[in-house]
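A look at the structure
Now for the letters of each chain:
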Amino acid sequence: MKKTALALLLALLTSGALASDDETGPVAKVGNVEYDTFDEALKAVKESETTSWLDLLRDVTVDDAQYVIDSSVQIDANGYTLTLNAPEDEDACIFTISKGCFLEISSAELVINGNGKGTVFKAYGPAYTDTRSAVLLTAPDVYISNFENVFDFEKTDNPKSVSVYGGSLNITNISGSVSNGGNWGIDSNVNISNCTGSGFTADFLGLYRDSSMTVSGIGSSGIVTGGLNVAEYSSLTVSGCGSKLPIASAEAPDGVSYKYPVEIRAGGNVTIGYDAKLVLEGNNINSVYLVSGSFSNEGEVAIDVVSADENFCKVEIEGWPTQVIPKGEPYLTMPEAPSKSGYIFLGWSYNGSTYAPGDEVPIDGPMTVKAVWGSLPSVSEPEETPAEPVTPAPV
């Protein structure tokens, strides 16, 4: 009898019928109904007509994870850890998001492990709505590793969006691309490293206030985007990228080849907000490449900006952020007078002439404007002469 029971137990273990977690009992619920497996709960929430929420009840590990999101699904992990392991030796997709649907995962530590193949998120169709992201990661810590691709978007005129709020998104060891497009909104910390393929591509990349993004160890361009906004007090760092550049490709922003660690597609603008940082270090070339667009900087940017369009030019004003502006702008208005201890400001010097603040100077090409200073005479405090003692009169 004991041998029969032992044989049955071994059969259950090898068939995967038992949960891989040490804990027992329901793993999730949809509404008031509890489910013993994550797969059953996800199926139920997709079929539900009353709710789109699935709540985890404990830590969950799922092997052979691959799901089609053909309705709107919101997963609240309630602080638990959700671990999804890709099928072995299969070119599978963990989440395939159908047209008109979205996936939200909140309050979780989400771990997605690959097998060197396949994709994590594949999204079809245009944007769900103007305000709803196809993938929304809210306050999770996400760890994704060992896939070919992470975010794969169907090309449309109205790209889908990805939003990352709170916590962190950590992506490493990707052989293809981290993203092939989409509109990205980051209010979080994103770290991308050791990706041998094409790095991070977006239709638009925006970092909200106090956010950060680090891209490192990418053989090709670290970031290619249709526009870039780094909001105040945020930072974007690209390092150790471009070792395989140049790479010939008609998909490159200039239609010829990828050349730089950060490239901005035609018509895309770059905005660096107040006290924000754009750092490029240890790349093949520490430069941002603009095919045609403007570069506006109110933060800390110690890099070169290269424009492929002769109709744009770089303007550098001493003590002010570097700008790349259209030559169609007829005039550059000289900024207000700066201050410098021990000196008096005499004006702005450009092309052999000196201009006062507010003067308008024609834009005829790249401009380098220097401040002109005059030394103030040193003024010393007069020494005090000690008063002579007063001798009292004789009585």
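Bear in mind the structure is a predicted one, so any value in this text is a computation, not a measurement.

Applying the stated criterion across every chain yields a total of 12 aromatic pairs. Relative to Phe-151, the ring of Phe-121 has its centre 4.9 Å away and its plane inclined at 15°; by these criteria the two rings are stacked. With Phe-121 in strand S11 (residues 119–123) and Phe-151 in strand S14 (residues 149–153), the pair connects residues that are 30 residues apart, well separated along the chain. An identical accessibility class is assigned to Phe-121 and Phe-151; each is buried. A ring pair is formed by Phe-345 and Trp-373, whose centres lie 5.6 Å apart and whose planes are at 70°; its orientation type is edge-to-face. Residue Phe-345 is found in strand S36 (residues 343–350), and its partner Trp-373 is found in strand S39 (residues 367–375); the two are separated by 28 residues along the sequence. Among the residues examined, Trp-373 registers a relative accessible area of 22% and is labelled partly exposed. Each residue in the set Phe-38, Tyr-67, Phe-95, Phe-121, Phe-151, Phe-153, Trp-184 and Phe-200 is aromatic and connected to the rest through ring pairs, giving one cluster. Residue placement shows Lys-340 over the ring face of Tyr-343; its charged tip is 4.7 Å from the ring centre.

The subject of this paragraph is the nonpolar core. One broad rule of soluble globular proteins: the nonpolar side chains tend to lie buried together. With 80 residues, the main nonpolar core has Phe-38, Leu-54, Ile-144, Trp-184, Ile-192, Leu-205 and Met-213 as its most contacted residues. Aside from chain neighbours lying at most four places away, what touches Phe-38 is Val-27, Leu-54, Leu-56, Val-60, Val-62, Tyr-67, Ile-75 and Leu-82. Among the nonpolar cores identified, the runner-up in size contains 14 residues, and Cys-313, Ile-317, Met-334 and Ile-363 belong to it.

Within a regular beta strand, the side chains point alternately toward one face of the sheet and then the other, so they alternate between its two faces. Counting buried positions along strand S8 (residues 93–97) gives 5 out of 5 residues, so the element sits mostly inside the fold. In this sheet, S8 lies alongside strand S5 (residues 67–69) in parallel orientation, the contact comprising 3 bridges. Of the residues in S8, the one forming a bridge with Tyr-67 is Phe-95. Where S8 meets S11, 4 bridges bridge the pair, whose relative direction is parallel. Bridging from a neighbouring strand, Phe-95 pairs with Phe-121 of S11.

Moving on, we come to the pattern of salt bridges. Applying the stated criterion across every chain yields a total of 5 salt bridges. Linking Asp-70 and Lys-46 is a salt bridge whose minimum nitrogen-to-oxygen distance equals 3.9 Å. Residue Asp-70 is located in the loop between S5 and strand S6 (73–76), and its partner Lys-46 is located in helix H2 (residues 38–47); the two are separated by 24 residues in the primary sequence. For Asp-70, a relative accessible area of 45% gives the class partly exposed. Overall, the relative accessible area of 26% leaves Lys-46 in the partly exposed class. One salt bridge in this structure joins Arg-209 and Asp-210, with 3.6 Å as the shortest N-O distance. Three or more residues joined by partner-sharing salt bridges are found here, namely Arg-209, Asp-210 and Glu-232.

Moving on: a negative patch on the surface. On the surface, a cluster of negative charge is made up of Asp-63, Asp-64, Glu-88, Asp-89 and Glu-90. Position of Glu-90 relative to the elements: it lies in the loop between strand S7 (81–85) and S8.

Residue position: Gly-181 is located in the loop between strand S16 (177–180) and strand S17 (183–195). Gly-181 gets classed as buried once you look at its relative accessible area, which sits at 2%. As for Gly-181 and Lys-155, which are separated by 26 residues in sequence, their C-alpha atoms are 7.9 Å apart. Setting aside its immediate chain neighbours within four residues, Gly-181 contacts Phe-153, Thr-201, Ala-202 and Asp-203.

A word on the state of the cysteines. Taken as a whole and assessed by the stated rule, the structure comprises 0 disulfides. Cys-195 takes part in no disulfide bond, and the closest cysteine sulfur to it belongs to Cys-241, at a distance of 9.0 Å. Owing to a relative accessible area of 1%, Cys-195 belongs among the buried residues under this scheme.

The pairing of strand S10 (residues 109–113) with strand S13 (residues 141–147) spans 5 bridges and is parallel. Along S13, the bridge assignment pairs Asn-113 with Ser-145. Pairing between S13 and strand S15 (residues 161–174): 6 bridges, direction parallel. Residue pairing across strands places Phe-147 opposite Ile-174, the latter belonging to S15.

Before going further, it helps to examine the side chain of Ser-221. Take Ser-221: it is sitting in the loop between strand S20 (212–218) and strand S21 (223–225). In this structure the side chain of Ser-221 is engaged in a polar contact, spanning 2.7 Å, whose partner is the backbone oxygen of Tyr-260.

Conventions used here
- Residues numbered from 1 in each chain as written.
- Predicted model: local features only at pLDDT ≥ 70, side-chain atom pairs only at ≥ 80, totals over all residues.
- Heavy atoms only, no water.
- Phe/Tyr/Trp six-rings, centres within 6.5 Å; stacked < 30°, edge-to-face > 60°.
- Helix = DSSP H or I, 4+ residues; strand = E, 2+ residues; numbered from the N terminus.
- Buried < 20%, exposed > 50% of the residue type's maximum accessible area, 1.4 Å probe, protein only.
- Lys NZ or Arg CZ within 6 Å of the ring centre and 35° of its normal.
- Core = buried A, V, L, I, M, F, W, Y, C linked by side-chain atoms within 4.5 Å.
- Contact = heavy atoms within 4.5 Å.
- Pairing = 2+ DSSP bridges.
- Salt bridge = Lys/Arg side-chain N within 4 Å of Asp/Glu carboxyl O.
- Patch = residues over 30% accessible without salt bridge, like charges linked within 9 Å, V, L, I, M, F, W, Y side chains within 5 Å.
- Areas by Shrake-Rupley, 256 points an atom, 1.4 Å probe, with all protein chains shown as cover.
- Lys, Arg positive; Asp, Glu negative; His and termini not counted.
- Charge placed at Lys NZ, Arg CZ, Asp CG, Glu CD.
- Disulfide = S-S within 2.5 Å.
- Polar contact = N/O pair within 3.5 Å; in protein donor to acceptor, adjacent residues only side chain to side chain.

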